[in-house]
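# Results of the structural survey
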Amino acid sequence: MSLVKTPRTLSKSRFVMGLKCPQKLVYASDTQTYRNLNDENSFLKSLSEGGFQVGELAKAHFPGGHDVTTLDQAEALAETAALLENDNVAIFEAAIQFENCFIRLDVLEKIGDRFRLHEVKAKSFDSAEDRPFLKKDGMPNSDWEPYCYDVAFQKWVVQRAFPDSNVTANLMLVDKQAVCPIDGLNQCFRIIREQKRTTAEQVKPIPESVLAAGLLKSIPVDDICDAIYNAGSHGKRYRGTFVDLVRGLSSICEGTREPAIQMLGDCKNCEFKRLNDQDPLAAGFDTCVRQAFPTVSANTGETVFDLWDYRKKDDLLAQGVINLVQLTEDDIGSDAHDAPTPGHGVNRQQRQWMQVKKAKSRDGTAWLDTAAWKAEINSWTYPLHFIDFETTRVALPFFKGQTPYQSVAFQFSHHEVDAQGHIRHADQFLCADARLNPNIEFVRALKRALSGDDGTVFMYSPHENTTLRDILFEIWDAPEPDIEELKAFLMSLVKPSNYGVRQWSPSRPMVDQLELVKQFLYLPATHGSNSLKYVLPAILNASDYLQSRYSRPVYGKHKAIPSLNLEERVWIHREHDGSVQNPYLALPNLVADLPADEQTALEGMEMIREGGAALSAYSRLMYEDLTATQRAAIEKGLLEYCELDTLAMVFLHQGVLDLMGDDQALSTDEEAGNEPLAL
Ligand code: SF4
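What you see is a predicted model; the values in this text were computed from it and never measured.

### What about the state of the cysteines?
Summed over all chains, the structure comprises zero disulfides. Its sulfur unpaired, Cys431 is 14 Å from the next cysteine sulfur, which belongs to Cys642. For Cys431, a relative accessible area of 14% gives the class buried.

### Structural notes on helix H22 (residues 611-623)
End to end, H22 covers 18 Å across 13 residues, agreeing with the expected 18 Å (1.5 Å per residue, within 8%). In terms of burial, H22 is a largely internal element, ten of the 13 residues being buried. Listed in full, the buried residues belonging to H22 are Ala613, Ala614, Ser616, Ala617, Tyr618, Ser619, Arg620, Leu621, Met622 and Tyr623.

### Points about the pattern of salt bridges
Applying the stated criterion to the full structure yields 30 salt bridges. Between Lys12 and Asp106 there is a salt bridge, and its shortest N-O distance comes to 3.5 Å. Residue Lys12 is found in helix H1 (residues 12-20), and its partner Asp106 is found in strand S3 (residues 101-111); the two are separated by 94 residues along the sequence. The two residues Lys12 and Asp106 agree in class, both being buried. Across the pair Glu568 and Lys559 runs a salt bridge, and its minimum N-O distance is 3.2 Å. Residue classification places Lys559 among the partly exposed positions, given a relative accessible area of 23%. Residues participating in the shared-partner salt-bridge network are Lys12, Asp106, Glu119, Lys121 and Asp150.

### A few points about the packing of aromatic side chains
What the rule picks out here adds up to 28 aromatic pairs. Between the aromatic rings of Phe115 and Phe162, the centroid separation amounts to 4.6 Å while the plane-to-plane angle is 35°, which identifies the pairing as tilted. Within this pair, whereas Phe115 is found in strand S4 (residues 114-125), its partner Phe162 is found in the loop between helix H6 (145-161) and strand S5 (166-175), the two being separated by 47 residues in sequence. Ring centres 4.4 Å apart and planes at 55° place the aromatic pair Phe133 and Trp144 in the tilted group. With Phe133 in the loop between S4 and H6 and Trp144 in the loop between S4 and H6, this pair connects stretches of sequence that are eleven residues apart. Exposure remark for Phe133: the relative accessible area of 4% places this residue in the buried category. Members of the aromatic cluster, connected to one another through ring pairs, are Phe15, Phe98, Tyr149, Phe153, Trp156, Tyr229 and Phe242.

### Topic: the domain arrangement of the protein
Taken domain by domain, the protein comprises domain 1 (50-253), domain 2 (294-363), domain 3 (375-513) and domain 4 (530-666). Taking only C-alpha atoms into account, the centre of domain 1 sits 38 Å from that of domain 3. With both chains or domains summed, domain 1 and domain 3 bury close to 1,300 Å², and 63% of this area falls on carbon and sulfur atoms. Ranking the residues of domain 1 by area buried against domain 3 places Cys180, Asp183 and Asn186 at the top, with a combined share of 29%. Counting every contact that joins domain 1 to domain 3 gives zero salt bridges. Our enumeration of links across domain 1 and domain 3 arrives at seven residue pairs in polar contact (both at pLDDT 80 or more). When contributions to the side of domain 1 that touches domain 3 are tallied by element, the ones reaching two or more residues are helix H4 (51-60), S4 and S5. Within the side of domain 1 that touches domain 3, the residues separate by chemical class into twelve nonpolar, five polar and four charged.

### As for the sheet that holds strand S8 (residues 216-220)
The strand order across the open sheet formed by six strands is S1-S2-S3-S4-S5-S8, and the pairing between neighbours is mixed. Each edge of the open sheet is held by one strand with a lone partner, namely strand S1 (66-67) and S8.

### Some remarks on the site of the ligand
Taken together, the neighbourhood of the ligand is formed by Cys21, Gln23, Lys24, Tyr27, Arg237, Gln262, Met263, Cys267, Cys270, Phe285 and Cys288. Tallying contributions element by element places helix H2 (residues 23-28) first for the shell around the ligand, with three residues.

### Some remarks on the packing of H22 against helix H23 (residues 628-660)
Two elements in contact, H22 and H23, have axes separated by 10 Å at closest approach and are oriented at 150°. Regarding the angle of H22 to H23, the classification is roughly antiparallel. Between H22 and H23 lies a crossing of left-handed hand. Where H22 approaches H23, its residues Gly611, Ala614, Ala617, Tyr618, Arg620 and Leu621 are matched on the opposing element by Arg631, Ile634, Glu635, Leu638 and Tyr641. Considered class by class, the residues forming the contact of H22 with H23 number seven nonpolar, one polar and three charged.

### A short note on the environment of Leu472
Positionally, Leu472 belongs in helix H16 (residues 463-475). Spatially, the C-alpha atom of Leu472 lies 9.1 Å from that of Val494, the residues being 22 residues apart in sequence. Among all residues touching Leu472, those that are not within four sequence positions of it are Lys487, Leu490, Met491 and Trp504.

### Here's the deal with the nonpolar core
Generally speaking, nonpolar side chains in soluble globular proteins are found buried as a group. If you look at the biggest cluster of nonpolar residues, it comprises 83 residues, and the most contacted ones within it are Phe15, Phe133 and Met263. Of all the elements, H6 adds the most residues to this core, at nine residues. Residue assignment places this core across two domains, with domain 1 (50-253) and domain 2 (294-363) each supplying three or more. Leave out the neighbours within four places in its chain, and Met263 touches Arg237, Phe285, Cys288, Val289, Ala292, Phe293, Phe305 and Leu317. The next biggest cluster of nonpolar side chains, apart from the first, holds 70 residues, and it includes Phe458, Ile561, Leu587 and Leu647.

### With respect to unusual backbone geometry
Geometrically, the link from Tyr382 to Pro383 is a cis peptide bond, its omega value of 0° lying close to zero. Position of Pro383 among the secondary structure elements: in the loop between helix H14 (370-378) and strand S12 (384-393). The backbone of Arg362 shows a phi angle near 50°, a positive value even though the residue is not glycine. Assignment of secondary structure puts Arg362 in the loop between helix H13 (348-360) and strand S11 (367-368).

### Re the environment of Ser29
By the secondary structure assignment, Ser29 is in the loop between H2 and helix H3 (37-49). Expressed as a C-alpha distance, the spacing of Ser29 and Leu523, which sit 494 residues apart in the sequence, is 39 Å. Dropping the residues within four chain positions of it, Ser29 is found in contact with Val4, Lys5, Thr6 and Arg8. Within polar-contact distance, the side chain of Ser29 engages the backbone oxygen of Val26 at 2.7 Å.

### Quick look at the sheet that holds S12
An order of S14-S13-S12-S15-S16 is seen for the five strands of this open sheet, with the pairing classed as mixed. At either margin of the open sheet sits one strand with a lone partner, and together these are strand S14 (423-430) and strand S16 (511-512). Judged from the two bridges that link them, strand S15 (residues 457-459) and S16 form a sheet pairing that is parallel. Looking at S16, one finds that Phe458 is bridged to Val511. Relative to S12, H22 is tilted by about 60°, and along the sheet it contacts S12 and strand S13 (407-417).

### Here we look at the side chain of Ser251
Along the chain, Ser251 turns up in helix H9 (residues 242-254). Once residues lying within four places of it in the same chain are set aside, the contact partners of Ser251 are Thr256 and Arg257.

### Quick look at the layout of surface pockets
Empty space within the second largest pocket amounts to approximately 440 Å³. Looking at the second largest pocket, it is lined by 18 residues, and the ones nearest its centre are Asp388, Lys533, Gly611, Tyr641 and Asp645. Breaking the lining of the second largest pocket down by element, the ones donating at least two residues are S12, H16, helix H19 (532-542), H22 and H23. Examining the composition of the lining of the second largest pocket, we find that four residues originate from one element, S12, more than from any other. Here the residues of the lining of the second largest pocket are counted per class, giving five nonpolar, seven polar and six charged. Here the lining of the second largest pocket spans two domains, and each of domain 3 (375-513) and domain 4 (530-666) adds at least three residues to it.

The rules we used
- Residues numbered from 1 in each chain as written.
- Predicted model: local features only at pLDDT ≥ 70, side-chain atom pairs only at ≥ 80, totals over all residues.
- Heavy atoms only, no water.
- Disulfide = S-S within 2.5 Å.
- Buried < 20%, exposed > 50% of the residue type's maximum accessible area, 1.4 Å probe, protein only.
- Helix = DSSP H or I, 4+ residues; strand = E, 2+ residues; numbered from the N terminus.
- Expected span 1.5 Å × (residues − 1).
- Salt bridge = Lys/Arg side-chain N within 4 Å of Asp/Glu carboxyl O.
- Phe/Tyr/Trp six-rings, centres within 6.5 Å; stacked < 30°, edge-to-face > 60°.
- Domains from an automatic or database assignment.
- Buried area = accessible area lost by both parts, 1.4 Å probe.
- Polar contact = N/O pair within 3.5 Å; in protein donor to acceptor, adjacent residues only side chain to side chain.
- Nonpolar A, V, L, I, M, F, W, Y, C, P; charged D, E, K, R; others polar.
- Pairing = 2+ DSSP bridges.
- Near = heavy atom within 4 Å.
- Axes fitted to C-alpha atoms, helices over the stretch in contact; angles between N-to-C directions.
- Parallel < 35°, antiparallel > 145°, perpendicular 65-115°, else oblique.
- Left-handed = near helix turned anticlockwise from the far one by under 90°.
- Contact = heavy atoms within 4.5 Å.
- Core = buried A, V, L, I, M, F, W, Y, C linked by side-chain atoms within 4.5 Å.
- 1 Å grid on protein atoms, 1.4 Å probe; cavity = no way out; pocket = protein on both sides within 12 Å on 5 of 7 lines; lining within 4 Å.
- Points joined across faces, edges and corners; volume = space filled by probe spheres on them.

Encoded structure:
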């Protein structure tokens, strides 16, 4: 255990962080030593959701409000105190201090001797639902807990700072029921980047109709605050009164108290982890493991945190069990005792036990239910179509008639594989123009891509189905001349929701490769993750065929496997230990060819290797003033990233054929002048 590196005040964000786990306050205080993945993630999340713009829109609901912009604590306190001399005032970023608690409030209204505070969040709620935040006992549910505790803490501080005043608290949230009355609401704001600080500013007047539409609503949460103040436990790690919780976290921030480390299942998602093996900063997570399990060598193999979809991690950790090899069948459940039956795949417990067994025996070989996968193949129609979408959901709708967080499908990629094994990057679509709603054009382009035959369409995860279903309902009554054809196309692919009012039977339902993987394939190198980002390097390492074929320049614009974006690409590169490198790591630096000053403007955007980076790249195209070369560089990066997503699905398809020994389905002609490659 240790103290914080630098004593600090207890802010809103530190309070919420400490509620989740007080040890995080120690790591967060030492940025020179520990990596915090959330430093980058929360910024990207806010950028892609439109959180900065929500903050600006909230201010428009308080005309005449005063902005306290200084970051200096003493100056902010003095400025706030001066503004509070007024009888009636609204202050943005008001600074209030009580003892070691120092908070900046999104909006603080003073009305006579009453204070009304509003915590603004880009999170959505459904105003048609009764009490959407609460469990039966009146406490916030787990989804809303951080937000409700955040506002309860603020109310507590303001009430202590002004003990004779009446203080009420609100969450100001995005209402999913509200309908945007104008096109281009986001164009009323611009993202500003100054050194390390990012803000939004209003650059156009916000029409009165937008405020009247109620996209943002302030919800009184005083009853929830009272429930929190009266509760005897808070979060997963604290038993005691709310006041003791505040004082305890405050003393940790002051450096007068050491937190106790309690590892629970939620440590799996702890943000204090290294970016990769080359990261010069340390992982607080590793420090916790060493301190909480001093006699166990937790860094030499998989841990319970790696066990796929396992829900009893808290129990195991409480018993001192952290290494996967320590588990027995009984820890998993009764189905773990049953060996898989060929042709029937595995259920969750059988798959979990397979993971443990392979870890115990250090068996890195793939498991495949060949009979089951063959049966699946027999149900497919060639050519096979592999599609992947990049989509976003933004808090403030881009377009008139949309509701908050409605799907915006801005990109897809499509690879095709015919019955002879020929592969081509067949189609792609990208629309990042803030003036155009891409959804209907997206569907038209997808229809053109898939309507030439009735081949089976593959996705990886239900995301593509959900997105197309959302768009189907969005365009249901659209006045487009081809709307009935577009609807018929979507209904041929998309499965309806089990609980939906509208039901239909798709004639060509999409096949989810993720479901096939979960039931019929286990690759130990994935360490229990079924994400395609882990499955791709694992299948490349498991398949000699993939390694042989793609270590040659067969892929590219004028190659045997044509690409729409890449001139020539060899996909197999080796790590120092001889293993195949993850191809996502080989995606090129998209700013490398730009002049130095243009590179600086795109700092942080150099690599698009995962969905989060793709979303923030799209957000920058939508919200920022970029030069034509910067836009072109970002669009190129997005196209190459999405292309690899569908190529990865093809690699998975081919890798499984190789594991099955299906040479016939794999053999195909190669580049002109080359012999077909032998397996
Ligand atoms: S690993 Fe667990 S105990 Fe350690 S800081 Fe993270 S959440 Fe807290």
